[in-house]
Amino acid sequence: MSMRVGIGYDVHAFAPGRKLVLGGVEIDHPMGLSGHSDADVLVHAIMDALLGAAGLGDIGCHFPDRDERFRNIRSLNLLEEVYGMLASRQFSIINIDAVIICESPKISPFAGDMKRNISGALAGLDVSRIGIKGTTTEKLGFTGRSEGIAAQAVALLSLNI
């Protein structure tokens, strides 16, 4: 068995007239995030971590924002596709850990639902293998000024060869 680690990072600016979706959870918030898809910054960071660990590039390679097929698509659907790529290459997910960086909303009330959504997109990966937490930047930088949300994720995979 070979172990692989990947890291993902994503950022989206707030935009009026959009729904805020994080980890597949629609959160009541004055603004959503700007993006070609549903702009789920958490799921995007997780996808990049998984793809990176498997040596499969990044989400822009597989789901380019100039492709109309992906306009307003649910990022959880894309995560399901990423899981299929991993499974077809004999990768298993050991664990995922992620942090959402924003002043608001508070993440902890939604973390359980986010984990369940992500688990479902990853063929039922045990939720105990998924970590999600929130943090602020103490009002520093673009997230501190509430201009957008960032997310970081790390994933550990095993290659079953």
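Structure: see above.
Residues in a regular strand project their side chains so that they alternate between the two faces of the sheet. Bridge analysis of strand E5 (residues 91-101) against strand E7 (residues 148-159) gives 10 bridges, and the strand direction is antiparallel. When the bridges of E7 are listed, Ile100 appears paired with Ala151. Direction of pairing for E5 relative to strand E6 (residues 130-135): parallel, over a ladder of six bridges. Bridge pairing in E6 places Ile101 opposite Thr135. The parallel pair E5 and E6, bridged by helix H4 (residues 111-121), forms a crossover whose chirality is right-handed.

Our next topic: the pattern of salt bridges. A complete count under the given rule lists seven salt bridges for this structure. The partner of Arg69 in a salt bridge is Asp67, and the shortest N-O contact between them spans 2.6 Å. On the basis of relative accessibility, which here comes to 63%, the residue Arg69 falls in the exposed class. One salt bridge connects Lys139 with Glu103, and the closest N-O pair in it is separated by 3.8 Å. Placement of Lys139 in the loop between E6 and helix H5 (141-144) and of Glu103 in the loop between E5 and H4 is noted, with a sequence separation of 36 residues between them. Residue Lys139 is classed as exposed on the basis of its relative accessible area, which comes to 61%. Residue classification places Glu103 among the buried positions, given a relative accessible area of 15%.

Right, let's get into the packing of helix H1 (residues 41-53) against helix H3 (residues 75-88). The interhelical angle for the contact between H1 and H3, taken along N-to-C directions, is 10 degrees, at an axis separation of 10 Å. Taken as axis vectors, H1 and H3 run roughly parallel relative to one another. Between H1 and H3, the residues in contact are Val43, His44, Ile46, Met47, Leu50 and Leu51 and Ser75, Leu76, Leu78, Leu79, Val82, Met85 and Leu86, respectively. Across the contact of H1 with H3, the residue classes break down as 11 nonpolar, two polar and no charged.

Here we come to the sheet that holds strand E4 (residues 32-33). Reading across from one edge, E4-E1-E7-E5-E6 is the order of the five strands in this open sheet, with mixed pairing throughout. Taken across any chain shown, the strands that pair with only one partner, and hence form the sheet edges, are E4 and E6. This element, H4, spans E5 and E6 of the sheet and lies at about 140 degrees to E6.

What follows covers the side chain of His44. Within the secondary structure, His44 sits in helix H1. Accessibility expressed as a relative area gives 6% for His44, which makes it buried. In this structure the side chain of His44 is engaged in a polar contact, spanning 2.8 Å, whose partner is the side chain of Ser75. Not counting residues within four places of it along the chain, the set of residues in contact with His44 comprises Asp10, His12, Ser37, Asp38, Ala39, Ile59 and Ser75.

This part takes up the packing of H3 against H4. Here H3 crosses H4 at 45 degrees, and the two axes come no closer than 8 Å. Classified by the angle their axes make, H3 and H4 are oblique. Residues Leu76, Leu79, Glu80 and Tyr83 of H3 pack against Asn117, Ile118 and Ala121 of H4. A class-by-class count of the residues in the contact of H3 with H4 yields five nonpolar, one polar and one charged.

What counts as what
- Residues numbered from 1 in each chain as written.
- Predicted model: local features only at pLDDT ≥ 70, side-chain atom pairs only at ≥ 80, totals over all residues.
- Heavy atoms only, no water.
- Pairing = 2+ DSSP bridges.
- Helix = DSSP H or I, 4+ residues; strand = E, 2+ residues; numbered from the N terminus.
- Right-handed = clockwise from strand over helix to strand, strands pointing away.
- Salt bridge = Lys/Arg side-chain N within 4 Å of Asp/Glu carboxyl O.
- Buried < 20%, exposed > 50% of the residue type's maximum accessible area, 1.4 Å probe, protein only.
- Axes fitted to C-alpha atoms, helices over the stretch in contact; angles between N-to-C directions.
- Parallel < 35°, antiparallel > 145°, perpendicular 65-115°, else oblique.
- Contact = heavy atoms within 4.5 Å.
- Nonpolar A, V, L, I, M, F, W, Y, C, P; charged D, E, K, R; others polar.
- Polar contact = N/O pair within 3.5 Å; in protein donor to acceptor, adjacent residues only side chain to side chain.

Functional significance is not addressed by these values, which are geometric in nature.
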